[in-house]
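Here are the chains, one letter per residue:
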Amino acid sequence: MFALSLVLALGAAPKLAAPGLKCADFSAATCEAFNDHLVQQLGRRGLSVIAASDVAAMLGLERQKALLGCSETSCTAELAGALGVDGIVSGSLARVEPTVVVNVRVVSSTDGRVLAAFSESARGADTVPATLERAAQAVAVGLGVVER
């Protein structure tokens, strides 16, 4: 948290890692598109975000996990530390007909504390992008990067 506080005090945007949203009842391609949209929206609000696709392009994600010798749970924090990020963006999308529940949060890469959170029900898959835009705004406000 100290690193995030220092970054915010200096006026620089916090650096975040976004390993990907977990999606229920969505194809992998759709889930990836939603995650990419969230990453882009966070960037538009002044946050520096390293997406899973960025990391994978540098050195295959599975190779990274093998090199680190870590499980799915512990790997995220270890990768965040290796990338020098202040926080980790995580979240989920789940169809609960007729809505889609959208959850996004940012946790500190140093102590696991929740730094910003958002939860909302979208009226359907076609409204998820707009909901993710509101999530990005809420996260940026929660991290003190933009004002309400």
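Residues numbered from 1 in each chain as written. Predicted model: local features only at pLDDT ≥ 70, side-chain atom pairs only at ≥ 80, totals over all residues. Heavy atoms only, no water.

### Structural notes on the overall build of the protein
Reasoning step 1: Scanning the protein for helices and strands turns up six helices and six strands.
Reasoning step 2: Seen in sequence order, the protein has helices and strands lined up from the N terminus as α-β-β-α-β-α-α-α-β-β-β-α.
Reasoning step 3: When burial is assessed residue by residue, the protein has 38% of its 148 residues classed as buried.
Reasoning step 4: Counting only contacts in the protein whose residues sit at least 6 apart along the sequence, the fraction spanning at least 24 positions is 55%.
Reasoning step 5: When the accessible surface of the protein is totalled, it reaches about 7800 Å², and 56% of it is carbon and sulfur. (Helix = DSSP H or I, 4+ residues; strand = E, 2+ residues; numbered from the N terminus. Buried < 20%, exposed > 50% of the residue type's maximum accessible area, 1.4 Å probe, protein only. Contact = heavy atoms within 4.5 Å. Areas by Shrake-Rupley, 256 points an atom, 1.4 Å probe, with all protein chains shown as cover.)

### Some remarks on the pattern of salt bridges
Reasoning step 1: Summed over all chains, the structure comprises two salt bridges.
Reasoning step 2: Residue Arg134 is joined to Glu120 by a salt bridge in which the shortest nitrogen-to-oxygen separation is 2.5 Å. Of this pair, Arg134 sits in helix α6 (residues 128-142) while Glu120 sits in strand β6 (residues 114-122), placing them 14 residues apart in sequence.
Reasoning step 3: Classification of Arg134 as partly exposed rests on a relative accessible area of 40%. (Salt bridge = Lys/Arg side-chain N within 4 Å of Asp/Glu carboxyl O.)

### Considerations on the state of the cysteines
Reasoning step 1: Tallied over the entire structure, the rule returns one disulfide.
Reasoning step 2: Each sulfur in the disulfide pair Cys23 and Cys31 lies 2.1 Å from the other. Its torsion about the S-S bond being 75°, the disulfide of Cys23 and Cys31 is classed as right-handed. (Disulfide = S-S within 2.5 Å.)

### Some points on the packing of helix α2 (residues 28-44) against α6
In a packed pair of helices, the relevant descriptors are the angle between the two axes and the axis-to-axis distance.
Reasoning step 1: Packing of α2 against α6 brings their axes to within 9 Å, and their N-to-C directions diverge by 40°. On the basis of the axis angle, α2 is oblique to α6. When the axes of α2 and α6 are compared, the crossing they make is right-handed. The residues of α6 that touch α2, namely those facing Phe34, His37, Leu38, Gln41 and Leu42, are Val128, Pro129, Leu132, Glu133, Ala136 and Val139. (Axes fitted to C-alpha atoms, helices over the stretch in contact; angles between N-to-C directions. Parallel < 35°, antiparallel > 145°, perpendicular 65-115°, else oblique. Left-handed = near helix turned anticlockwise from the far one by under 90°.)

### What to know about the side chain of Ser108
Reasoning step 1: Looking at the element boundaries, Ser108 is found in strand β5 (residues 99-108).
Reasoning step 2: Only 3.1 Å separates the side chain of Ser108 from the side chain of Asp111, close enough to count as a polar contact. (Polar contact = N/O pair within 3.5 Å; in protein donor to acceptor, adjacent residues only side chain to side chain.)

### Quick word on the confidence of the model for the protein
Reasoning step 1: Averaged over the protein, the pLDDT score is 82; the fraction of residues at 70 or greater is 73%.
Reasoning step 2: Taken together, the stretch residues 1-10 has pLDDT below 50 and engages in 17 contacts with residues farther than four places along the chain or on a different chain. (pLDDT = per-residue confidence, 0-100.)

### What about α6?
Reasoning step 1: Here α6 contains 15 residues, and its C-alpha end-to-end distance of 20 Å stays within 8% of the 21 Å for a straight helix at 1.5 Å per residue.
Reasoning step 2: Listing the buried residues of α6 in full gives Val128, Thr131, Leu132, Ala135, Ala136, Val139, Ala140 and Val141.
Reasoning step 3: Positioned one or two residues after α6, Gly144 has a phi angle of 75°, which is positive. (Expected span 1.5 Å × (residues − 1).)

### Quick look at α2
Reasoning step 1: Compared with the 24 Å implied by 1.5 Å per residue over 17 residues, the 24 Å span of α2 between its first and last C-alpha is a close match.
Reasoning step 2: For α2, the full list of buried residues reads Cys31, Phe34, Asn35, Leu38, Val39, Gln41 and Leu42. Along the axis of α2, the buried positions cluster into a sector of 165°, meaning they face one direction only. α2 presents Ala29, Gln40 and Arg44 as exposed residues on the side facing more than 90 degrees away from its buried surface.
Reasoning step 3: Its buried side turned inward, α2 meets β1 (15-18), β2 (22-24), β3 (48-51), β4 (87-96), β5 and α6.
Reasoning step 4: Positive backbone phi, at 90°, marks Gly46, one or two positions downstream of α2. (Arc of directions from axis to C-beta.)

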